[in-house]
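The chain contents come next:
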Amino acid sequence: MADEVRKLVIIGSGPSGYTAAVYAARANLSPLVYAGYQYGGQLMLTTDVENYPGFEHGIMGPDLMGNMRAQAQRFGAELRDTEVTEVDFSRRPFKITAGKEITYAEAVIVSTGASALWLDVPGEETYRGFGVSSCATCDGAFFRNRKIVVVGGGDVALEEANFLTRFASDLTIIHRRDTLRGSKAMQDRAFANKKISFMWDTVVEEVLGEKNANGIAKTTGLRVKNVKTGEEQVVPTDALFVAIGHKPNTEIFAGKLPLDERGYAVAVDPEGTASAIEGVFVAGDVRDYRYRQAITAAGEGCKAAMDAERWLEEHGVEVDLEGEVYAGMQVEPGAPAYETPHLPGVPVHARSGS
Ligand SMILES: Cc1cc2nc3c(=O)[nH]c(=O)nc-3n(C[C@H](O)[C@H](O)[C@H](O)COP(=O)(O)OP(=O)(O)OC[C@H]3O[C@@H](n4cnc5c(N)ncnc54)[C@H](O)[C@@H]3O)c2cc1C
């Protein structure tokens, strides 16, 4: 059977991937979305989302993602809940491998997001969304006049801690060393903030919590240990914000797509979504380590679909016809390639089906 060639493949199913799918499907690009095994992205890990516009009383993260998924399907996006395992962006159509399945695409949107790093201690997963979070902007407002703990010692932890003192009655930064890694300016701000205190040389061993009569869980404290003395104690808290970093989901793109020194995908146009590889677009947390919000990721997914549509049009791919114009098209291994800029050192092969 001939391999399938699609006009557009979207890799990832968070707010950026699903939004790109809605826009691309409505533009008759018949997008194929590789949603991954954990479809829906990071918001599947949380409870209330109160800052996504359009939901006056907030919405549960999984419900929001379920709505986005249904909306993309309604307009004809095809979703496959499998993980892309390999890509070949060195020639067009681009080759996308998902296990044993190979798909070719004229254009690709990479929206594989990022993963927050967690402490990986007992209780953390149980109380995630019930006091345990990795996003101060998202969840800080739930803890007005409550005790908050932030774990971490870098700039992000200090910035989140300073931000969270708008809500916290008092805030403790727990750090496993006796000095912070953050910049001097951020340290000065944190030391000057009267609501912030520090627990040095300390690690969290367990997140403690309880369920109320209605079965609703909440975080009540942390069991911590001093790494120098070995002394253990329980620190009462209503919230734990883990701020030890994020990891972009870009392993499969190493050497295939320009990544920065932290592994984030790079767009050549800072206001758009085009990567240095013509026809490959990057959107959402996979390239954005600054804002990291559902709405900004969705906005980038919209931009990426519009950028891809325009790019396909400019490159002679029919974008205004309904149906599978390109699906099922035969790939001829010997056919001449059309030239694209390539990554230094990545060989150019001949492959073309258009
Ligand atoms: C606990 C928590 C609470 C949050 N709360 C809020 C909030 O209240 N408000 C807010 O605005 N933001 C919130 N955020 C941040 C928000 O979730 C992210 O900014 C947003 O989800 C980023 O969207 P994205 O589409 O870029 O990527 P993601 O949501 O990270 O989705 C990426 C998707 O790509 C898939 N994927 C990865 N690799 C592959 C592959 N190889 N093949 C196929 N698929 C792949 C993943 O499985 C995932 O489904 C929260 C985040 C967390 C962790």
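Residues numbered from 1 in each chain as written. Predicted model: local features only at pLDDT ≥ 70, side-chain atom pairs only at ≥ 80, totals over all residues.

Participant: Help me out: how do you make sense of the overall build of the protein chain in this one?
Facilitator: The number of helices and strands found in the protein chain is six helices and 19 strands. The 354 residues of the protein chain split such that 43% are buried. Within the protein chain, residue pairs in contact and separated by at least 24 positions form 63% of the contacts whose partners lie at least 6 positions apart. (Helix = DSSP H or I, 4+ residues; strand = E, 2+ residues; numbered from the N terminus. Buried ≥ 20, exposed ≤ 12 C-beta atoms within 10 Å, placed from the backbone. Contact = placed C-beta atoms within 7 Å.)

Participant: Help me out: how do you make sense of the pairing of strand S14 (residues 202–211) in this one?
Facilitator: When a strand is regular, its side chains alternate between the sheet's two faces. For S14 and strand S15 (residues 217–226), the ladder comprises nine bridges, and the chain directions are antiparallel. Opposite Glu 206, over in S15, you have Arg 223 as the bridge partner. Connecting S14 to the next strand, S15, in antiparallel fashion are five residues, including Gly 215 with a positive phi near 85°. (Pairing = 2+ DSSP bridges.)

Participant: What am I meant to see in the site of the ligand here?
Facilitator: By nearness alone, 42 residues border the ligand, and Gly 14, Gly 36, Gly 41, Gly 113 and Gly 284 come closest of all. Secondary-structure elements contributing two or more residues to the shell around the ligand are helix H1 (15–26), strand S9 (114–116) and helix H6 (294–314). Mapped onto the domain boundaries, the shell around the ligand takes at least three residues apiece from domain 1 (4–115 + 246–314) and domain 2 (118–242). (Near = placed C-beta within 6 Å. Domains from an automatic or database assignment.)

Participant: Hey, could you run me through H6 in this one?
Facilitator: Because an α-helix packs 3.6 residues into every turn, residues spaced three or four apart end up facing the same way. The end-to-end C-alpha distance of H6, which contains 21 residues, comes to 30 Å, matching closely the 30 Å that a straight helix rising 1.5 Å per residue would cover. The set of residues buried in H6 consists of Ala 294, Ala 297, Ala 298, Glu 300, Gly 301, Lys 303, Ala 304, Ala 305, Asp 307, Ala 308, Glu 309 and Leu 312. Those residues of H6 that are buried are in contact with strand S1 (4–11), H1, strand S3 (48–49), strand S8 (101–110) and strand S19 (280–282). Where H6 terminates, the next one or two residues include Gly 316, which has phi positive at roughly 75°. (Expected span 1.5 Å × (residues − 1).)

Participant: What is the right way to look at the pairing of S1 in this model?
Facilitator: Taking burial as the measure, the eight residues of S1 include eight buried ones, the bulk of the element. Pairing of S1 with S8 involves seven bridges; the strand directions are parallel. Bridging from a neighbouring strand, Leu 8 pairs with Ala 107 of S8. In terms of strand pairing, S1 meets strand S2 (residues 32–34) through three bridges, oriented parallel. Across the sheet, Ile 10 pairs through a bridge with Val 33, a residue of S2. One crossover worth recording links S1 to the parallel S2 by way of H1, and it is right-handed. (Right-handed = clockwise from strand over helix to strand, strands pointing away.)

Participant: Is there a simple way to think about helix H4 (residues 155–164) in this case?
Facilitator: Looking only at H4, the buried set comprises Val 156, Ala 157, Leu 158, Glu 160, Ala 161 and Leu 164. On its buried face, H4 sits against helix H3 (136–139), strand S11 (147–151), strand S12 (170–174), helix H5 (184–192), strand S13 (196–199) and strand S17 (239–242).

Participant: What is the right way to read the nonpolar core from this model?
Facilitator: Ala 21, Ala 24, Val 108, Ile 109 and Val 110 are the most contacted members of the largest nonpolar core, which totals 57 residues. Those elements that place two or more of their residues in this core are S1, H1, S2, helix H2 (61–74), strand S7 (94–98), S8, S19 and H6. Apart from the residues lying within four places of it in its own chain, the contact partners of Ala 21 are Ile 10, Pro 31, Val 33, Ala 72 and Ala 77. Formed by 29 residues, the second largest nonpolar core is a distinct cluster that contains Phe 143, Ile 148, Leu 171 and Val 204. (Core = buried A, V, L, I, M, F, W, Y, C linked by C-beta atoms within 7 Å.)

Participant: Any chance you could explain the packing of H1 against H2 here in plain terms?
Facilitator: Two measures define how a pair of helices packs: the angle their axes make with one another and the distance between the axes. Running from N to C, H1 and H2 cross one another at 25°; their axes reach a closest spacing of 8 Å. As the angle between them shows, H1 and H2 are arranged roughly parallel. Every pair of crossing elements has a handedness; the one defined by H1 and H2 is left-handed. For the pair H1 and H2, the contacting residues are Pro 15, Tyr 18, Ala 21, Val 22 and Ala 25 in the first and Met 68, Arg 69, Gln 71 and Ala 72 in the second. Within the contact of H1 with H2, the residues separate by chemical class into seven nonpolar, one polar and one charged. (Axes fitted to C-alpha atoms, helices over the stretch in contact; angles between N-to-C directions. Parallel < 35°, antiparallel > 145°, perpendicular 65-115°, else oblique. Left-handed = near helix turned anticlockwise from the far one by under 90°. Nonpolar A, V, L, I, M, F, W, Y, C, P; charged D, E, K, R; others polar.)

Shape is all these values report; function is a separate question.
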